[in-house]
Each structure stands twice: as C-alpha cells, then as structure tokens.
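Examination of the molecular architecture
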Amino acid sequence: MKRDLDMSDMSVPQDQDVTILVEYKDVVKDFFENFLDENNRPKYKERISEALRRGKTSVTIDYMDLYSYNEELAKRLLEEPLKVLREVIEPALNEYILSEYGVETKIRARVKSLPITYKIRDLRNEHIGKLIQIEGIVVRMTPLKQRLARAMIYHSECQGKFPVEVEGEYFEIPKICPLCNSSKGSFEIIEEESQYVDYQKIVISEMPEELPPGQMPRQITAILEEDLVDIARPGDRVIVTGV
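Residues numbered from 1 in each chain as written. Predicted model: local features only at pLDDT ≥ 70, side-chain atom pairs only at ≥ 80, totals over all residues. Heavy atoms only, no water.

Some points on the overall build of the protein chain
When its secondary structure is counted, the protein chain shows five helices and ten strands. With respect to the principal axes defined by its C-alpha atoms, the protein chain has extents near 65 × 45 × 40 Å. A burial count over the protein chain gives 39% of its 243 residues as buried. Entry remark: accessible area of the protein chain is about 13900 Å², with carbon and sulfur atoms responsible for 48%. On the protein chain, the mean spot of the 34 positive side-chain charges and the mean spot of the 45 negative ones are 4 Å from each other. (Helix = DSSP H or I, 4+ residues; strand = E, 2+ residues; numbered from the N terminus. Buried < 20%, exposed > 50% of the residue type's maximum accessible area, 1.4 Å probe, protein only. Areas by Shrake-Rupley, 256 points an atom, 1.4 Å probe, with all protein chains shown as cover. Lys, Arg positive; Asp, Glu negative; His and termini not counted. Charge placed at Lys NZ, Arg CZ, Asp CG, Glu CD.)

Below is the structure:
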C-alpha cells in the first residue's frame, strides 16, 4: 500500500525581504480564493471549508498548483521552506479563514506532489534545509509521543513571561529575557501554559526493486507531527515530502 505523506537564488536585503514576504501573503490569499481545478471548481476554498467542517488541523497544497499560480513563490518555497511556510503561507491561510469565515485558527499548511522524487541514496548535504520528496517503505515506527511546540517562559528577575516557538525535539531555555534584556535571575518553563504536539518517528528504507546489485538498502528517519501521526505502518510504501 502506498501513502502520500504531506509533510533561483533570491538573495535580497533584509528590509526588502520583509516587504517581499508581506506581498507574498496577498498572493497566497488570492491563490486560496481564486485557484480553480480542472472542473473550474474553487479547489482550495473547498479544501479549507472541508478542513473547518471536519475539525482538521491542516490543509494540503499541491505544489504544482502553487507553481502554476506564482512560480517565484513556489521556487522560494523549495529553497526556504520553513520561512515561507511559517511566515507567509500559514499566516495567510489563517488570515484568509478569519476574513472569510470569521473563525480564528492555527491551521497548518502541508505541501505534496513535488516535481522531483529523490532516491534515499541520492540525498546529499545540499538538500539539508530544502523541501524535498522521497519514496520508500516504512520499516519501523516509534510509539506516539508529545513534543514541546511552544514554551511559555517565566523570568524571575522581571517576573515577566514570554513565549518561545520550538522547532524540533530539543529545546534550550533562553538566557536573555526579551522583555527586560537581562540575563540575571532564573528562567523556567511554565508547563501549564506551554503547548505540546503529538509526534512520531518512522524509518523509511529504499525499495528492493531500486537497489543496485549487491547493495544493502539505505534508510532515513522522518518525524511525523500532529495529524500525520499513525498515518503509516511498517510495510507501507510512502511518498514523504518534508525538510
């Protein structure tokens, strides 16, 4: 069984980059509003409506749809996926939902169907931090666990508290308070005000028919979060899109 898991050089000055990102948000909102499928139906308006109706925590974007709508933004998504997703696409998605449906949400955007699918053994350093797509067989999976996603920090010196977004499994408590710019006193996580997400690791192996003669299969570990946990099982053939 095969499952699809949604998981140009543009060097510009920082102030100009911020302006470009803001402009991209308007592009993305127009994309959600106006993109039509082959039957002239509003593809993403319907996906968003379905996500809200079913209480889903993500909306999936087909990469080639975005590419056909705005090639520059699509290319930048491949090069700077976390920045584009966190600072452009997801804010635009939730702002669009608020304006159209009057609902405040924190829905994630997931991307699938990239034009290139890499073999696991072809991955190199240049792919680190980029949005890529691989195909393989799930051979192992961990039990579902919880990961700190947004830590609320208390600073004893100024008695203030501030949030810190957490990417990945490991988190280092800040050493300087952004409220008072002091490193004095202690910093503690306020557990009851912090946010956690479900996460799970899966190990993906090369498919037997793709192995060079006499070679052992190579493997890679992928981390699934939120609505992606438990979506695949050992033995499933999967296409995984991620960073």
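That covers the picture; the talk isn't over yet.
Overview of the nonpolar core
Within the largest apolar cluster, 29 residues are counted, with the highest numbers of intra-cluster contacts made by Phe32, Ile61, Leu66, Leu77, Ile89 and Leu93. Residue assignment for this core shows that the elements contributing at least two residues are α1 (14–34), α2 (43–54), β2 (58–62), α3 (63–69), α4 (71–79), α5 (81–101) and β3 (108–112). Per-element accounting of this core gives the leading share, eight residues, to α5. Each residue touching Leu77, except ones within four places of it in the same chain, is listed here: Tyr63, Leu66, Val84, Leu85, Ile89, Val111 and Leu131. Within the second largest apolar cluster, 13 residues are counted, among which are Leu123, Ile132, Ile134 and Ile202. (Core = buried A, V, L, I, M, F, W, Y, C linked by side-chain atoms within 4.5 Å. Contact = heavy atoms within 4.5 Å.)

Quick notes on the confidence of the model for the protein chain
Regions with low pLDDT carry predicted coordinates that are not meant to be interpreted in detail. Looking at the protein chain, pLDDT values average 91 and 92% of them are 70 or higher. Here residues 8–14 scores under 50 on pLDDT; set against residues more than four positions off or in separate chains, the count is seven contacts. (pLDDT = per-residue confidence, 0-100.)

Some remarks on α5
At Ile89, α5 shows its strongest bend, of approximately 30°, with the proline Pro91 following within four residues. Where α5 is concerned, the buried positions are Pro81, Val84, Leu85, Val88, Ile89, Glu90, Ala92, Leu93, Asn94, Tyr96 and Ile97. Where α5 ends, the next residue or the one after it, Gly102, has phi of about 70°, a positive value. (Bend = angle between axes of the 7 residues up to and from the residue.)

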